[in-house]
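If you want the building blocks of each chain, they are given just below.
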Amino acid sequence: MSAKRSSINRPPTPDVDRDRENQEPTLQEIINIKMIESGEKERLKELLRERLIECGWRDEMKSLCRKKGRNNVTVDDLVHVITPKGRASVPDPVKAELLQRIRSFLASTAT
Amino acid sequence: MSSKINHHHQNDKTNGQIFPQPCPHLADFHARNGTKPFRAIQDCLHIKPPGGRAAIRRDSSEVPRCGVCGDSSCPRLYACMACAAVSCHVPPHSSHVAIHATKTSSACSHEIAVDVDRAELFCCACRDQVYDRDFDAAVVLAHTTSIIQSSKPENLRKRRRIDYRPWSPDLRERSLMVNNASPIDSMSSSNGDLPRGLRGLNNLGNTCFMNSVLQALFHTPPLRNYFLSDRHNRYYCQSKNGVRLCLACDLDTMFSAIFCGDRMPYSPAKFLYSWWRHASNLASYEQQDAHEFFISMLDGIHEKVEKDQHKPRSQGNGDCCIAHRVFSGILRSDVMCMACGFTSTTFDPCVDFSLDLEPNQGSSMKTSSTKSNHSCNCEADGMNSSQNCGISTLMGCLDRFTRPERLGSDQKFFCQQCQVRQESLKQMSIRKLPLVSCFHIKRFEHSSVRKMSRKVDRYLQFPLSLDMAPYLSSSILRSRFGNRFFPFDGDESNTLNEPSSEFELFAVVTHTGKLDAGHYVTYLRLSNKWYKCDDAWITEVNENTVRAAQGYMMFYVQKMLYYKASEKQGTS
């Protein structure tokens with residue numbers, strides 16, 4: 001436990017076997033990083049959480065999970081089962097709102 | 001390896017919750033790292049305002065990445081408890097965190113990791129979420145160090161219990177009883193199958209608001225039992241010396257009249273007069289609001305009793321008078337600063353729950369084409385209150401009541417930590433349930449801005465059985481903190497004493513008509529039959545009639561008290 005530090009972005013011990021590809025970060029990665037750095041990702045996550053709870057999506061997913069039962073189930077199993085249904089059942093207005101927010105974010109940080 | 005996503009329904013009447021066995025790797029981690037290996041993580045946790053979710057602390061500009069592949073966008077990143085290396089877990093493609101676990105040596109175990117965004121434990125070897133009491137304790141401690149614990153309400157600290165002593169009459173008492181009492185008519189009398197205590201109430205001039213509430217109260221099990229067992233005797237009551245009035249005595253008179261077996265409609269004139277003297281501002285022959293009358297009446301009973309017997313003011317423990325003993329609960333109100341997460345908590349007693357009707361029918365769950373598998377099936381799935389096909393339900397209203405609410409920018413709350421007024425989030429929950437829960441639906445809207453009042457006629461679906469568990473403070477707090485096992489808010493000490501959270505409906509007060517010209521009717525549930533009490537007319541009705549009625553006040557009693565009372569004809 002004494003090795004634990006509060007910052008988790010400590011660079012890893014260089015591993016001789018693996019060679020990290022030195023590529024340019026993709027556009028997706030850049031956007032992701034910008035969103036995290038500005039705190040926008042966190043805000044969007046909270047917004048999404050709120051909307052999905054409001055419309056009952058979370059409760060629906062919960063009941064789907066419960067159907068799987070409690071025994072001999074791992075988190076991965078549940079994620080695997082839930083993900084396609086979850087993605088499909090997000091209401092359109094929620095998607096639209098999130099997209100709009102992302103668009104305005106991109107517009108505001110365009111360089 | 002089994003895991004629980006949300007241990008919820010286990011009724012642990014015994015201390016604490018059911019604990020899953022740790023996986024061998026977690027047990028090993030414990031063995032290597034002492035009794036409280038997770039306590040140090042408290043310093044690494046950051047509680048995110050406003051909701052209070054826990055995550056691993058990091059600078060806002062830090063972007064966590066997998067140490068192996070550099071990916072920062074995958075949804076689950078884990079930090080090793082031993083060396084803080086971050087790895088991703090993307091089944092079934094790759095799991096760098098599982099590879100990391102293989103670094104385990106005799107000196108150091110790299111098998112246990114923590115989710116950086118959710119602060120939940122993961123066993124990399126088992127590839128599954130694990131739970132640990134010590135870890136959860138650290139999370140809760142991280143939460144609560146910034147919260148100044150408001151002192152618990154006095155009444156919940158210690159509960160005086162009186163030992164139960166059985167009683168049987170001696171000869172003198174027996175002869176007293178025999179000489180001064182007469183046996184209750186058997187059910188084979190000409191009154192037919194009507195249960196005891198059903199008697200119409202004459203309308204004395206727009207008094208249906210009073211009649212409807214009285215009918216519900218006559219059949220409120222704890223209240224009925226109290227008066228019928230002579231706990232308030234109108235002949236011996238001290239308060240009625242001369243002109244002083246006692247609403248409880250008048251109530252006692254009415255209980256005797258209602259349950260005596262006479263089926264002719266009764267005129268509650270004396271009670272009306274007494275109530276007018278108590279609530280003189282409402283004394284008129286105009287139509288009044290039934291809920292207002294209900295509150296006023298409880299207040300009247302409380303006031304008169306309290307003055308005379310010098311009992312302490314009600315703090316929700318109900319020790320002061322029968323009205324509070326039956327109806328009083330405690331509400332918990334949390335106000336969370338959206339800037340720093342500091343939470344201020346207060347406890348207030350309440351005698352009922354006033355709920356808003358949802359503003360738009362099914363505004364959120366539209367029947368959109370993508371949801372082909374979500375048929376508009378309105379069978380309430382017990383807990384699943386959000387099957388919102390456009391019909392408002394009582395549980396939906398309760399969800400709204402306990403939902404975190406953003407206080408507007410004009411209602412900024414002074415945060416003790418920030419020392420300035422900040423925007424905040426407020427959340428209500430129920431700390432202690434009353435014996436009888438009265439739900440009042442706010443159907444009458446008075447807008448002082450627009451200088452008009454209107455009635456909301458929208459139908460509200462209400463269940464016959466209601467489980468209030470999700471609205472309790474313990475549940476609300478649990479969902480705020482995430483998947484934890486740590487007991488909250490003194491839960492452990494009280495689980496043995498807490499009554500159950502299951503309630504049964506026994507009375508519904510309905511309103512038909514317009515705001516200023518309407519009519520109140522009460523439906524009573526006795527021995528699983530429904531009776532419509534429309535002033536002086538009482539008729540048996542079908543359950544569906546009740547379900548379709550426009551509920552204004554719904555009375556639910558704790559299930560324990562309901563079953564005992566309603567089993568047999570003779571006792572109902």
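Calculation criteria
Residues numbered from 1 in each chain as written. Chains lettered and ligands numbered in written order. Predicted model: local features only at pLDDT ≥ 70, side-chain atom pairs only at ≥ 80, totals over all residues. Heavy atoms only, no water. Helix = DSSP H or I, 4+ residues; strand = E, 2+ residues; numbered from the N terminus. Buried < 20%, exposed > 50% of the residue type's maximum accessible area, 1.4 Å probe, protein only. Contact = heavy atoms within 4.5 Å. Areas by Shrake-Rupley, 256 points an atom, 1.4 Å probe, with all protein chains shown as cover. Salt bridge = Lys/Arg side-chain N within 4 Å of Asp/Glu carboxyl O. Pairing = 2+ DSSP bridges. Axes fitted to C-alpha atoms, helices over the stretch in contact; angles between N-to-C directions. Polar contact = N/O pair within 3.5 Å; in protein donor to acceptor, adjacent residues only side chain to side chain. Phe/Tyr/Trp six-rings, centres within 6.5 Å; stacked < 30°, edge-to-face > 60°. Parallel < 35°, antiparallel > 145°, perpendicular 65-115°, else oblique. Nonpolar A, V, L, I, M, F, W, Y, C, P; charged D, E, K, R; others polar. Core = buried A, V, L, I, M, F, W, Y, C linked by side-chain atoms within 4.5 Å.

1. Notes on the overall build of chain B
Stage number 1. Helix and strand counts for chain B stand at 16 helices and 26 strands.
Stage number 2. The buried share among the 572 residues of chain B stands at 51%.
Stage number 3. Restricting to contacts in chain B with at least 6 residues of sequence separation, those with at least 24 account for 67%.
Stage number 4. With the model as given, the accessible surface of chain B reaches about 27400 Å², and the carbon-plus-sulfur share is 50%.

2. Topic: the pattern of salt bridges
Stage number 1. For the structure on display, the rule yields 20 salt bridges over all chains.
Stage number 2. Arg 76 of chain B is the partner of Asp 76 of chain A in a salt bridge, and the nearest nitrogen-oxygen pair spans 3.1 Å. With Asp 76 of chain A in helix 4 (residues 75-88) and Arg 76 of chain B in the loop between strand 2 (53-56) and strand 3 (77-80), this residue pair bridges two chains. Both residues of the pair, Asp 76 of chain A and Arg 76 of chain B, count as buried.
Stage number 3. In this structure, Arg 234 of chain B and Asp 252 of chain B form a salt bridge, with 3.1 Å as the shortest nitrogen-oxygen distance. Taken together, the positions of Arg 234 of chain B in the loop between helix 7 (221-228) and helix 8 (247-259) and Asp 252 of chain B in helix 8 put the pair 18 residues apart, joining distant regions of the chain.
Stage number 4. Classification of Arg 234 of chain B as buried rests on a relative accessible area of 18%.

3. Digging into the sheet that holds strand 16 (residues 424-432) of chain B
Strand pairing in a sheet relies on backbone hydrogen bonds, with the paired strands running either antiparallel or parallel.
Residues and elements named next belong to chain B.
Stage number 1. Within the open sheet, the four strands sit side by side as 10-9-16-13. Their pairing is antiparallel. Across the chains shown, the open sheet's two edge strands, defined by having one partner strand only, are strand 10 (343-350) and strand 13 (405-406).
Stage number 2. Two strands pair when backbone bridges link them, and strand 13 and strand 16 are joined in this way by two bridges, in the antiparallel orientation. Directly across from Glu 405, in strand 16, lies its bridge partner Lys 426.
Stage number 3. Contacting strand 9 (329-337), strand 10 and strand 16, helix 13 (residues 473-481) runs over the sheet at an angle of about 140 degrees to strand 16.

4. Quick look at the pairing of strand 10 of chain B
Stage number 1. Where strand 9 of chain B and strand 10 of chain B come together, eight bridges link them in antiparallel fashion. Pairing of Ser 333 of chain B across the sheet is with Thr 346 of chain B, part of strand 10 of chain B.

5. Some details on the side chain of Asp 250 of chain B
All names here are of chain B.
Stage number 1. Tracing the backbone through its elements, the reader meets Asp 250 in helix 8.
Stage number 2. Of the polar contacts made by the side chain of Asp 250, one reaches the side chain of Lys 270; its length is 2.8 Å.
Stage number 3. Look past the residues within four positions of Asp 250 in its chain and what remains in contact with it is Lys 270, Phe 271 and Ser 274.

6. Details of the packing of aromatic side chains
Residue and element names in this part refer to chain B.
Stage number 1. The final tally for this structure, using the stated rule, is 17 aromatic pairs over all chains.
Stage number 2. Note on Phe 294 and Phe 327: the rings are 5.1 Å apart at their centroids and 85 degrees apart in plane angle, and the pair reads as edge-to-face. With Phe 294 in helix 10 (residues 290-309) and Phe 327 in helix 11 (residues 322-327), this residue pair connects regions lying 33 residues apart in the sequence. Comparing Phe 294 with Phe 327 shows no difference in burial state: the two are buried.
Stage number 3. Taken together, a centroid distance of 6.5 Å and an interplanar angle of 80 degrees make the contact between Phe 353 and Phe 401 edge-to-face. Separated by 48 residues along the polypeptide, Phe 353 in strand 11 (residues 353-355) and Phe 401 in helix 12 (residues 394-402) bring together distant segments of the chain. Across the pair, exposure class does not vary: Phe 353 and Phe 401 are buried alike.
Stage number 4. In this structure an aromatic cluster arises from ring pairing among Phe 218, Tyr 226, Phe 227, Phe 255 and Phe 259.

7. What to know about the packing of helix 6 (residues 208-218) of chain B against helix 8 of chain B
Residues and elements named next belong to chain B.
Stage number 1. At their nearest, the axes of helix 6 and helix 8 sit 11 Å apart, and the two run at 75 degrees to each other. As judged from the angle between their axes, helix 6 and helix 8 are roughly perpendicular. On the side of helix 6, the interface is formed by Leu 214, Leu 217 and Phe 218, while helix 8 contributes Leu 251, Met 254, Phe 255, Ile 258 and Phe 259.
Stage number 2. Each residue belonging to the contact of helix 6 with helix 8 can be placed in one class, and the counts come to eight nonpolar, no polar and no charged.

8. Considering the nonpolar core
Residues and elements named next belong to chain B.
Stage number 1. Within the largest apolar cluster, 62 residues are counted, with the highest numbers of intra-cluster contacts made by Leu 214, Phe 271, Trp 275, Phe 294, Phe 327 and Phe 555.
Stage number 2. Among the elements that line this core, the one with the most residues is helix 8, at nine residues.
Stage number 3. Leu 214 has contacts with Leu 201, Leu 251, Met 254, Pro 268, Phe 271 and Met 297, leaving out every residue within four places of it along the chain.
Stage number 4. Leu 331, Leu 460, Phe 462 and Tyr 523 belong to the second-largest nonpolar core, a separate cluster that totals 34 residues.

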